[in-house]
Structure formats: structure tokens, C-alpha cells
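In case you want the letters, here they are:
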Amino acid sequence: MLKNFWICGMGTMLLFNALAACGSPPNGNGQAEHPVQQAKPADPNAKRESSFGDRLNLRQHREDTERFVMNRMHGPYGVYTNYADSGESDTDATGHEVLSESSGLLMRYDALTNRKDAFQAEWERAKQVFELPSGFSYRYSPKQDKKYSVNAAVDDLRIIRALYEAGDRFHSAEYAGLADDYGKRFYAFNVKDDKLYDFYDDAYKVTNDFVTLCYIDLATLKRLPVPAKQQSALVQNMAAILQNGYLSDAFPFYETRYDYGTDTYRSEGINTIESALTILALSEAGLERSESIAYLKEHVKNGTLYGQYDRNGVPRNDIQSTAIYAITAMIGSVLGDEELYENSIRQMEKYRVTDKASTLYGGFGDPAAKQAFSFDNLMALLAYAH
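The notes below deal with the structure included here. This is a predicted model, so every value here is computed, not measured.

Overview of the sheet that holds strand 12 (residues 210-212)
Strand order in the open sheet formed by 3 strands is 12-13-14, with antiparallel pairing between adjacent strands. A single partner strand is all that each edge strand has here, and the edge strands are strand 12 and strand 14 (264-266). Neighbouring strand axes in the sheet, compared pairwise and without regard to direction, differ in orientation by 25° on average. Examined bridge by bridge, strand 12 and strand 13 (residues 257-259) share 3 bridges and lie antiparallel to one another. Opposite Val211, over in strand 13, you have Tyr258 as the bridge partner. Docked against the sheet, helix 8 (residues 228-244) engages strand 12, strand 13 and strand 14, running at close to 60° with respect to strand 14.

Take a look at the structure:
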């Protein structure tokens with residue numbers, strides 16, 4: 001089993017601990033070594049004639065994975081965190097606990113694949129299970145009957161983005177209006193002084209004091225229904241934080257988080273999923289660096305993207321995952337790079353269960369351990385749909 005590194009979803013809830021600043025920005029003063037560019041007005045939500053997945057005849061693979069998720073990993077509260085059940089009492093989500101992360105990913109998939117009824121059903125479920133006065137709880141435990149009081153910016157933005165995408169895809173003013181409503185709520189609680197914060201705790205009425213770079217979804221921030229001046233300031237601030245987090249041309253990944261109080265970046269290790277999601281967000285805004293794309297293309301082709309690196313680009317392990325290659329496939333799709341997309345899918349499918357006798361058939365996981373993680377499978381679905 002190649003352990004799932006779903007770092008930039010709710011696997012990062014440990015970031016809610018008040019961590020002391022460690023590490024430093026690329027050149028020691030919080031500024032990038034390269035000039036910050038302005039985000040381009042490209043719309044990653046624009047409807048395409050066809051997806052790379054369809055053009056490469058991946059529809060059957062996508063539908064098999066969709067069937068696995070909906071028949072084997074989906075329950076009355078949403079998509080299970082893991083196919084294998086648990087007591088749901090750990091610090092991190094396990095077993096058949098559900099995450100707003102998963103609802104947002106599935107809603108995005110439904111919108112991209114024109115599954116209107118499925119989208120509506122998942123939205124109604126997500127609203128019922130996760131809604132808080134401030135946004136959406138990141139996690140619900142059915143066995144504990146516990147809705148956590150904390151949201152996560154990345155997950156709320158994903159749900160808001162899915163509503164916007166549904167509005168576009170289904171020509172629905174209702175979904176667009178819902179996206180605006182929740183976008184206003186999100187801005188009120190997760191944005192302060194034109195800066196995005198990772199989470200808001202609905203019980204204690206506080207945010208944290210930093211932002212995790214892969215939480216910064218520029219494409220969705222640009223659509224929030226706030227006055228143009230505030231929106232421009234927010235997008236510019238967050239785009240600068242993303243770009244200034246660039247490590248080096250030699251290892252063109254990104255820092256993990258940015259501390260507002262100390263104006264420094266912090267990274268205990270460079271997690272590939274986090275950096276890949278950051279590169280995806282930059283690519284959607286037309287701000288990707290050619291060095292990052294070249295690095296990804298080389299290592300995707302060779303199947304050598306590992307789960308974590310040190311700051312010099314030395315692998316800290318040899319673990320890989322479905323989600324890593326699903327995200328690089330999406331980067332390829334956004335950039336119109338069919339080679340990157342196809343090579344990413346080829347690597348991703350190494351972790352696909354092809355034994356029709358297995359209960360995990362069509363999914364991505366470990367048949368021997370009977371484990372399959374929501375993030376891997378849902379990111380694979382999105383990759384197929386791109």
C-alpha cells in the first residue's frame with residue numbers, strides 16, 4: 001500500500017496547533033527572488049468542448065471509479081474517509097467519518113461531468129451534515145454524532161467553487177446565488193485585513209495566525225462577491241504570498257505556510273501534494289513557473305515524485321500516492337499539456353485496483369489491507385474528468 005498523502009485537505013488539521021515559526025523565506029527577508037506577477041484573468045471554470053480524459057478514452061475507467069466510490073465508499077452522510085471502518089475516536093479523521101473536503105470534491109466532479117441530480121443530492125447532504133453559522137465544519141463523526149466546530153478555508157472554498165461551477169454548467173442562477181451567499185459568509189469569517197486565514201473556530205470565535213499555501217484557491221477568491229477594491233487587495237496579497245513561497249530554481253516547489261505575525265514562511269518538510277496543489281492554483285491563475293512544470297514533467301515521466309522532500313529537494317521517503325499524480329494530471333489539463341496529463345494518468349493508474357473479484361475494483365487502494373482513502377479516489381475522479 002502506498003500511503004495516502006492527503007496533506008492539503010483535512011489531513012492538515014494538525015496545523016491548528018500553535019506552531020512556533022521555523023524555517024525562513026527564500027532569501028531571508030520575506031521577499032521572493034523573482035518579481036511577483038499579477039494574476040491573469042483566465043477562467044479555469046470555463047466549459048471546454050471535451051476533457052483530456054475523454055479524448056484519451058478514459059471514460060470507462062472514470063465510470064468504474066465513480067461506481068466504486070458511490071457503491072462502496074458512500075453512505076448516508078457522504079463519502080467515507082476510508083473504506084476500512086474505525087471507532088472514529090482518533091485525532092485525525094478515520095474510517096467512516098466524513099469530511100467537507102470530500103463533499104466539495106464530489107460536487108466538483110458532478111458539476112464537471114454534468115451530473116445535475118447527483119450534484120443536487122450531494123449539495124443537500126453537505127449542507128445538512130456540515131453547515132455552521134460561519135461556513136462548513138471540516139468533519140463529522142457519525143459514531144460520535146459529532147460535528148466539529150472548525151472549518152477549513154480550503155474546504156469551504158472548494159464547496160463554493162463547486163456551486164459556482166454548477167451555476168456555470170447547469171445555467172443555474174440558484175447555484176450561482178448560493179455560491180455568492182456562502183462566499184460572503186466565508187469572506188466575513190476567514191478573511192481579515194485582506195488576508196486569508198486557514199480556519200475559523202465557530203465555538204471559540206477565533207482564527208489561526210497563518211495561511212497554508214495550498215489553501216489559497218485564487219480562482220475562487222476572484223469570484224467572491226465582495227467590493228472590487230477588497231477583492232483585488234485579497235487576490236494580490238494571496239498571489240504574492242504564493243509566489244514568494246517559491247523555494248529555488250534547483251528545487252522549484254513551495255513553502256508550506258506563511259505566518260502573518262512574523263512575516264516568515266514555515267515548512268517542517270516539503271510535502272509534494274501541498275506543493276503540487278500550490279502549483280495547480282498558480283497555473284489556474286496563469287502564474288505557474290516554467291521551472292516547476294519542467295520538474296514535474298521530468299519526475300512524472302520517470303515515476304519519481306515522492307511524498308516528502310527536504311528543502312534542497314532530497315526525498316525524505318520513497319512513498320508515492322494516487323493523489324500526487326492526479327494533481328499533476330490536473331496541472332497538465334489546466335496548461336493544455338497533454339503529455340503531462342497522459343503521463344500523470346499512467347502513473348496514477350499503477351495504484352488502481354483492476355481485479356474484478358476485489359471489493360475495491362475500480363478504486364484506488366490496497367486490496368490486501370482493504371483500505372482506500374477518499375482523497376485518493378476523489379482526486380482520481382477529478383483527474384479523469386479534466
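Focus: the sheet that holds strand 3 (residues 98-99)
Pairing within the open sheet is antiparallel, and its 3 strands lie in the order 3-6-7. Sheet topology places strand 3 and strand 7 (146-147) at the edges, where each strand pairs with a single neighbour. The pairing of strand 3 with strand 6 (residues 139-141) spans 2 bridges and is antiparallel. Within the sheet, the bridge partner assigned to Leu99 lies in strand 6 and is Arg139.

Some words on the environment of Phe210
Structurally, the position occupied by Phe210 is in strand 12. Residue class for Phe210 comes out buried when judged on its relative accessible area of 2%.

Section: helix 11 (residues 322-335)
Three or four residues apart is the spacing at which side chains of an α-helix point the same way, because the helix has 3.6 residues per turn. The terminal C-alpha atoms of helix 11, which comprises 14 residues, lie 20 Å apart, in line with the 20 Å expected from a rise of 1.5 Å per residue. Most of helix 11 is tucked away, with 12 of its 14 residues classed as buried. For helix 11, every residue scored as buried is listed here: Thr322, Ala323, Ile324, Tyr325, Ala326, Ile327, Thr328, Ala329, Met330, Ile331, Gly332 and Ser333. On its buried face, helix 11 sits against helix 1 (52-55), helix 9 (272-284), helix 10 (290-302), helix 12 (338-348) and helix 13 (374-385). Positive phi appears at Gly336, one or two residues downstream of helix 11, with a value of about 70°.

Calculation criteria
- Residues numbered from 1 in each chain as written.
- Predicted model: local features only at pLDDT ≥ 70, side-chain atom pairs only at ≥ 80, totals over all residues.
- Heavy atoms only, no water.
- Pairing = 2+ DSSP bridges.
- Helix = DSSP H or I, 4+ residues; strand = E, 2+ residues; numbered from the N terminus.
- Axes fitted to C-alpha atoms, helices over the stretch in contact; angles between N-to-C directions.
- Contact = heavy atoms within 4.5 Å.
- Buried < 20%, exposed > 50% of the residue type's maximum accessible area, 1.4 Å probe, protein only.
- Expected span 1.5 Å × (residues − 1).

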